[in-house]
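Structural overview for review
The primary structure of each chain is shown beneath.
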Amino acid sequence: MEYVIAFIAGGLICVAGQLLMDVAKLTPAHVMSLLVVAGVALDFFGLYDRFIEFAGAGATVPITSFGHALYHGAIAEAEKHGVIGVATGIFEVPSAGISAAIAFGFLASLVFRPKG
């Protein structure tokens, strides 16, 4: 049942993004930014952690989780180092995911030889 809940929750996030592109005529970049900010907002109000407990991977895989990670990193470092911690914290927590995305993107470009 966990897989079904994760599939439905993640799918609903994707449907919301697709509706924003189709109905509101937002560009993919605007939708991505909006979903990241939505993840931050939900985490600010204490809802995203509960959503992760409920949906599992359905909440941690979509781009909203990136906003959640940015917020957690900023808050954790702000508690340790004050205002400067906000700037360093947003890079500390999600850095592994960003590094993996860059590395796998590079490897994919070597394998598939893009023409652009």
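We now turn to the structure provided with this report. (Residues numbered from 1 in each chain as written. Predicted model: local features only at pLDDT ≥ 70, side-chain atom pairs only at ≥ 80, totals over all residues. Heavy atoms only, no water.)

1. Description of the environment of Cys14
Summarising the element assignment, Cys14 is placed in helix α1 (residues 2-22). Looking at Cys14, the relative accessible area reads 51%, which means it is exposed. Sequence separation between Cys14 and Pro114 is 100 residues; the distance between their C-alpha atoms is 27 Å. (Helix = DSSP H or I, 4+ residues; strand = E, 2+ residues; numbered from the N terminus. Buried < 20%, exposed > 50% of the residue type's maximum accessible area, 1.4 Å probe, protein only.)

2. What to know about the side chain of Ser65
With respect to the helices and strands, the residue Ser65 is situated in helix α5 (residues 64-81). Among the polar contacts made by the side chain of Ser65, one reaches the main-chain carbonyl oxygen of Thr60 at a distance of 3.2 Å. Non-local contacts of Ser65, meaning those with residues more than four positions away in its chain, are made with Tyr48, Ala59 and Thr60. (Polar contact = N/O pair within 3.5 Å; in protein donor to acceptor, adjacent residues only side chain to side chain. Contact = heavy atoms within 4.5 Å.)

3. Comments concerning the environment of Ile13
Mapped onto the elements, Ile13 comes out in helix α1. Using a relative accessible area of 15% as the deciding quantity, one classes Ile13 as buried. Spatially, the C-alpha atom of Ile13 lies 8.6 Å from that of Leu35, the residues being 22 residues apart in sequence.

4. Concerning the pattern of salt bridges
Counted by the stated rule, this structure contains one salt bridge. Lys80 is the partner of Glu77 in a salt bridge, and the nearest nitrogen-oxygen pair spans 3.7 Å. Here the residue Glu77 and the residue Lys80 both occupy positions in helix α5, the gap between them amounting to three residues, near one helical turn. (Salt bridge = Lys/Arg side-chain N within 4 Å of Asp/Glu carboxyl O.)

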